[in-house]
Amino acid sequence: MLRALLWDVDGTLAETEEQGHRIAFNEAFAAARLPWHWDPTVYRGLLAITGGKERLRAWWQQIDPAGAAAPGVTHRIALLHADKTRRYVARVAAGRIGLRPGVQRLLLQARAAGLRQAIATTTTADNVEALLAATLGGPDGLSPAGLFDCIGAGDVVAHKKPAPDVYQWVLQRLGLQADECLAIEDSAPGVAAALAAGLPVLVTRSAYTAGDALPPVLADLDGLGEASAPARGCWAGQAWQGVVDIEQLRALHARPPWHPLQRGRALPPA
Ligand code: XBP
Ligand code: MG
């Protein structure tokens, strides 16, 4: 039985990578007088490394292995990343990043249907709070605390996605088994983390992951869809187009066995 939706953040709730993180990294590089710039092509490659501090270290090692091994690098990365986080939070707080189509609708439907909801992300907790406050909060808005039972973010676990740790951390706090939940993800590291935690997965591909090779999952779509712009993709092994709602998610999740589908053997039509 489906009891909870576990949401990824970057790329899933919002197109934060291109509209927020990449720009904030580049602004932090300029402010630190570093001759670094991550254009979209470079950044796409760097997204294989999850976590901003980890991404910075990998980049440093790539372009300057000796410098990256020097004393004090961890501290410099921490300072650079803290500045990047401040800049990202400011962009989000200024309303420059909105939720992806269908996200707010599905969050509200899930709450009305009595499903529990949680966040499982590699991004910094401050970034998540800023995004939720800017997009859902406000005088007439939703309280993120009222929507999410648990927020697993950033350094709450030692090993970020594709390790399953953040999903396991969230499952433990929710007191739920993996097969009582559905993870909503957009990227290869995120899908790998969710599958490694034993979760059924729905993918809503984002701008940076639209063409990526991903393992088979319950549904692999280009978004959640709205009536004016339905989502397209693969649903339970079949070509599909429509608007993702809670009843469909319950049916998808309840359709036994979903494990073979995620191992790549498509089920026959229902
Ligand atoms: C995606 C990420 C994040 C952000 C950067 O996370 O890899 O690391 O790119 O965030 P997810 P920080 O899709 O799991 O939300 O700089 O705060 O680490
Ligand atoms: Mg993501």
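One structure accompanies this document, and this report is about it. (Residues numbered from 1 in each chain as written. Chains lettered and ligands numbered in written order. Predicted model: local features only at pLDDT ≥ 70, side-chain atom pairs only at ≥ 80, totals over all residues. Heavy atoms only, no water.)

Side note on the coordination of the magnesium ion (ligand 2)
No. 1: Within the protein, Asp8 (OD), Asp10 (O) and Asp186 (OD) serve as the donor atoms for the magnesium ion (ligand 2), at 2.1 Å.
No. 2: The motif formed by the donor residues of the magnesium ion (ligand 2), counted along the single chain, is D-x1-D-x175-D. Here aspartate 8 is found in the loop between strand E1 (4–7) and helix H1 (16–31), whereas its partner aspartate 186 is found in the loop between strand E4 (181–185) and helix H10 (188–196), with 178 residues between them in sequence.
No. 3: Overall, aspartate 8 belongs to the buried group, its relative accessible area being 5%. (Donors = N, O, S within 2.8 Å, 3.2 Å for Na, K, Ca; no water. Helix = DSSP H or I, 4+ residues; strand = E, 2+ residues; numbered from the N terminus. Buried < 20%, exposed > 50% of the residue type's maximum accessible area, 1.4 Å probe, protein only.)

Overview of the packing of aromatic side chains
No. 1: Applying the stated rule across the entire model yields eleven aromatic pairs.
No. 2: Seen in terms of ring centroids, phenylalanine 29 and tryptophan 38 are 4.9 Å apart; in terms of plane orientation they differ by 80°. Their pairing is edge-to-face.
No. 3: One aromatic cluster is present, formed by Phe25, Phe29, Trp36, Trp38, Tyr43, Trp59, Trp60 and Tyr208 through successive ring pairs.
No. 4: The side chain of lysine 84 reaches across the aromatic face of tyrosine 88, ending 5.4 Å from its centre. (Phe/Tyr/Trp six-rings, centres within 6.5 Å; stacked < 30°, edge-to-face > 60°. Lys NZ or Arg CZ within 6 Å of the ring centre and 35° of its normal.)

A closer look at the site of ligand 1
No. 1: The local shell around ligand 1 holds 19 residues, among which Gly52, Arg55, Lys84, Thr121 and Thr124 are the closest.
No. 2: The side chain of glutamate 17 places a nitrogen or oxygen atom 2.8 Å from an oxygen atom of ligand 1.
No. 3: Between ligand 1 and glycine 51, the relevant distance is 2.8 Å, taken from an oxygen atom to a main-chain nitrogen or oxygen of the residue.
No. 4: Across the complex, the protein chains shield 97% of the 450 Å² of accessible surface that ligand 1 would expose by itself.
No. 5: In terms of residue count, H1 provides more of the shell around ligand 1 than any other element does, three residues in total. (Near = heavy atom within 4 Å. Polar contact = N/O pair within 3.5 Å; in protein donor to acceptor, adjacent residues only side chain to side chain. Areas by Shrake-Rupley, 256 points an atom, 1.4 Å probe, with all protein chains shown as cover.)

Let's talk about the pattern of salt bridges
No. 1: One pass over the structure, following the stated rule, counts 14 salt bridges.
No. 2: A salt bridge links aspartate 155 to lysine 53; the shortest N-O distance between them is 2.8 Å. Note that aspartate 155 is positioned in the loop between strand E3 (150–152) and helix H9 (165–174) and lysine 53 in helix H3 (residues 52–63), a separation of 102 residues in sequence.
No. 3: Accessibility expressed as a relative area gives 26% for lysine 53, which makes it partly exposed. (Salt bridge = Lys/Arg side-chain N within 4 Å of Asp/Glu carboxyl O.)

Some remarks on the side chain of threonine 85
No. 1: Looking at the element boundaries, threonine 85 is found in helix H5 (residues 73–93).
No. 2: The exposure class assigned to threonine 85 is buried, which follows from its relative accessible area of 7%.
No. 3: With sequence-adjacent residues up to four places away left out, threonine 85 is seen in contact with Thr124, Asp126 and Asn127. (Contact = heavy atoms within 4.5 Å.)

A few points about H10
No. 1: What H10 keeps buried is the set Pro189, Gly190, Val191, Ala193 and Ala194.
No. 2: The inward-facing, buried residues of H10 abut H9, E4 and strand E5 (201–204).

Focus on the sheet that holds E3
No. 1: On the basis of which strands lie adjacent, the open sheet formed by eight strands has the order E3-E2-E1-E4-E5-E6-E7-E8 and mixed pairing. The open sheet is flanked by E3 and strand E8 (238–242), the only strands paired with a single partner. Recorded for the sheet is a direction-independent mean angle of 20° between the axes of neighbouring strands.
No. 2: As judged from the four bridges shared by E1 and E4, these two strands associate in the parallel manner. Residue leucine 6 lies in a different strand from E4, and its bridge partner there is alanine 183.
No. 3: Contacts from H10 reach E4 and E5, with the element oriented near 170° to E5.
No. 4: The strands touched by helix H11 (residues 246–254) are E1, E4, E5, strand E6 (219–221), strand E7 (231–235) and E8; relative to E7, the strand with the most contacts, the crossing angle is about 15°. (Pairing = 2+ DSSP bridges. Axes fitted to C-alpha atoms, helices over the stretch in contact; angles between N-to-C directions.)

A few points about the packing of H1 against H3
No. 1: One way to put it is that H1 packs onto H3 with a least axis distance of 13 Å and a crossing angle of 55°. Comparing their axes, H3 and H1 come out oblique. You can see that H1 and H3 cross each other, and the crossing is right-handed. Residues Glu17, Phe25 and Phe29 of H1 form the contact with H3, whose participating residues are Gly52, Arg55 and Leu56.
No. 2: Taken together, the residues of the contact of H1 with H3 break down into three nonpolar, one polar and two charged. (Parallel < 35°, antiparallel > 145°, perpendicular 65-115°, else oblique. Left-handed = near helix turned anticlockwise from the far one by under 90°. Nonpolar A, V, L, I, M, F, W, Y, C, P; charged D, E, K, R; others polar.)

Points about the nonpolar core
No. 1: Judged by nonpolar contacts, the single largest core of 40 residues is most densely connected at Leu5, Trp7, Leu13, Leu202, Trp235, Val244 and Leu249.
No. 2: For this core, the secondary structure elements donating two or more residues are E1, H5, helix H6 (103–112), helix H7 (125–136), E4, E6, E7 and H11.
No. 3: In this structure, tryptophan 235 is in contact with Leu202, Leu218, Ala219, Leu221, Trp240, Val244, Gln248, Leu249 and Leu252, ignoring residues within four places of it in sequence.
No. 4: Judged by nonpolar contacts, the second largest core, of 25 residues, contains Cys150, Tyr167, Leu176 and Leu214. (Core = buried A, V, L, I, M, F, W, Y, C linked by side-chain atoms within 4.5 Å.)

Coordinates in, geometry out; function isn't part of it.
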